[in-house]
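The lines below spell out each chain.
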Amino acid sequence: MELEFDIVELPATDHPTAGETAPEFTRPLVTDEYWADVSLSSLLDDDPLLLVCYPMDGAFPATYIWNELRDRDFADTFQLTIAGLSISTPYEHTTFIEERGIDVPLFSDPANDVAEQYDIVNDLDGMAGVAEPRPAVFLLDTDQTVRYAWVADEWPAFPPYDELEDALATHCEMKPLGQ
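Owing to the predicted nature of the structure, the values given are computational and were not obtained by experimental measurement.

Visitor: So what about the overall build of the chain? Which residues, and what values?
Guide: Scanning the chain for helices and strands turns up five helices and eleven strands. Taking 179 residues into account, the globule formula puts the C-alpha radius of gyration at 16 Å, and the chain, at 15 Å, falls close to it. In the chain, which comprises 179 residues, the share counted as buried stands at 49%. In the chain, 66% of the contacts between residues at least 6 apart in sequence involve partners at least 24 apart. A total of about 9300 Å² of accessible surface is found on the chain, and carbon and sulfur atoms cover 47% of it. Here the chain holds 7 positive side-chain charges and 38 negative ones, and the gap between their average locations is 4 Å.

Right, here's the structure in full:
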């Protein structure tokens, strides 16, 4: 059975780009053990951060994005932190982490305020008040400067993983073998 869907062009955005400072935010950050309010900047203490914005947990793009990131194993290759962000609640994140075997923390932003700040909102099917972040990735260095950004310009769309890997190789240190 083949899935069929229409590709929808999304309007242009004014999202943060390379060289700009990523907007600060604090949201619940969910792991497989707990959740707590955490600021974006607190994740940048030691290493660059790959912020992965994605639609709600359970949506097919979320599953595809996290499966590809797991398969590419960026966290074991590069010295960096990876965190996700979606409109899903901490309870939904806990289930998603457990069911999908995700080993990175996920920010919960049910009001979609961070997507508003980053100008990556996707209004779902034109329904009033129903929105989520577009698929997007932002590589931030330790002073919150964007080093790489990709934001979907159509729906559905997925990050250009090879290009992302090249950006990680350029801006992140490689982990020593066996670490």
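Next comes the rest of the account.
Visitor: Can you break down helix α1 (residues 60-72) residue by residue, with the values?
Guide: The terminal C-alpha atoms of α1 lie 18 Å apart, and with 13 residues this matches the ideal 18 Å at 1.5 Å per residue to within 8%. Within α1, burial applies to Pro61, Ala62, Thr63, Ile65, Trp66, Asn67 and Leu69. Taken from the residues just after α1, Asp73 is the one with a positive phi, measuring 55°.

Visitor: Describe in detail a negative patch on the surface, supporting the description with residues and values.
Guide: A cluster of acidic residues, Asp32, Glu33, Asp73, Asp76 and Asp103, forms a negative patch on the protein surface. If you trace the backbone, Asp73 turns up in the loop between α1 and α2 (74-77).

Visitor: Give a description of the side chain of Ser86 that names residues and reports values.
Guide: Of note, Ser86 is situated in strand β5 (residues 81-86). Residue Ser86 is classed as buried on the basis of its relative accessible area of 1%. Here the side chain of Ser86 touches Ser88 through a polar contact of 3.1 Å, landing on its backbone nitrogen. Every residue in contact with Ser86, bar those within four places of it in the chain, is listed here: Tyr54, Pro55, Met56, Asp57, His93, Phe107, Ser108, Asp109 and Pro133.

Visitor: Let's hear about the sheet that holds strand β10 (residues 146-151): which residues, and what values?
Guide: The strand order across the open sheet formed by seven strands is β3-β2-β6-β5-β4-β9-β10, and the pairing between neighbours is mixed. Bordering the open sheet on either side are β3 (35-39) and β10, each of which pairs with just one other strand. Sheet twist, expressed as the mean angle between neighbouring strand axes with direction ignored, is 25°.

Visitor: Any details on the state of the cysteines? Residues and values, ideally.
Guide: Applying the stated criterion to the full structure yields zero disulfides. No disulfide involves Cys53; its sulfur sits 16 Å from the nearest other cysteine sulfur, which is in Cys172. For Cys53, a relative accessible area of 1% gives the class buried.

Visitor: Lay out the packing of aromatic side chains in plain terms, naming residues and giving numbers.
Guide: Enumeration according to the criterion identifies ten aromatic pairs in this entry. A centroid spacing of 5.6 Å and a plane angle of 90° characterise the contact between Tyr54 and Trp66, whose relative ring orientation is edge-to-face. Of this pair, Tyr54 sits in the loop between β4 (49-53) and α1 while Trp66 is found in helix α1, placing the two residues twelve residues apart along the sequence. Grouped by ring-pair contacts, the aromatic residues Phe25, Phe107, Tyr118 and Phe138 constitute a single cluster.

Visitor: Go over the environment of Pro16 with me, naming the residues and quoting the values.
Guide: Among the secondary structure elements, Pro16 is positioned in the loop between β1 (8-9) and β2 (26-30). Sequence-wise, Pro16 and Gln117 are 101 residues apart; in three dimensions their C-alpha atoms are separated by 9.4 Å. Once residues lying within four places of it in the same chain are set aside, the contact partners of Pro16 are Pro23, Tyr118, Phe138, Val146 and Ala149.

Visitor: Account for the pattern of salt bridges, with residues named and values stated.
Guide: All chains considered together, the criterion is met by seven salt bridges. Residue Arg72 pairs with Asp162 through a salt bridge whose shortest N-O separation is 2.9 Å. Pair noted here: Arg72 is in helix α1 and Asp162 is in helix α5 (residues 161-171), with a separation of 90 residues, a long-range link. The exposure class of Arg72 is partly exposed, given its relative accessible area of 25%. Close ionic contact of Glu165 with Arg72 constitutes a salt bridge, the shortest N to O distance being 3.2 Å. Residue Glu165 is found in helix α5, and its partner Arg72 is found in helix α1; the two are separated by 93 residues along the sequence. On the accessibility criterion, Glu165 (31% relative accessible area) is partly exposed. Connected through shared salt-bridge partners, Glu68, Arg72, Asp162 and Glu165 make up one network.

Reading the values: the criteria
- Residues numbered from 1 in each chain as written.
- Predicted model: local features only at pLDDT ≥ 70, side-chain atom pairs only at ≥ 80, totals over all residues.
- Heavy atoms only, no water.
- Helix = DSSP H or I, 4+ residues; strand = E, 2+ residues; numbered from the N terminus.
- Rg over C-alpha atoms; globule rule 2.2 N^0.38 Å.
- Buried < 20%, exposed > 50% of the residue type's maximum accessible area, 1.4 Å probe, protein only.
- Contact = heavy atoms within 4.5 Å.
- Areas by Shrake-Rupley, 256 points an atom, 1.4 Å probe, with all protein chains shown as cover.
- Lys, Arg positive; Asp, Glu negative; His and termini not counted.
- Charge placed at Lys NZ, Arg CZ, Asp CG, Glu CD.
- Expected span 1.5 Å × (residues − 1).
- Patch = residues over 30% accessible without salt bridge, like charges linked within 9 Å, V, L, I, M, F, W, Y side chains within 5 Å.
- Salt bridge = Lys/Arg side-chain N within 4 Å of Asp/Glu carboxyl O.
- Polar contact = N/O pair within 3.5 Å; in protein donor to acceptor, adjacent residues only side chain to side chain.
- Pairing = 2+ DSSP bridges.
- Axes fitted to C-alpha atoms, helices over the stretch in contact; angles between N-to-C directions.
- Disulfide = S-S within 2.5 Å.
- Phe/Tyr/Trp six-rings, centres within 6.5 Å; stacked < 30°, edge-to-face > 60°.

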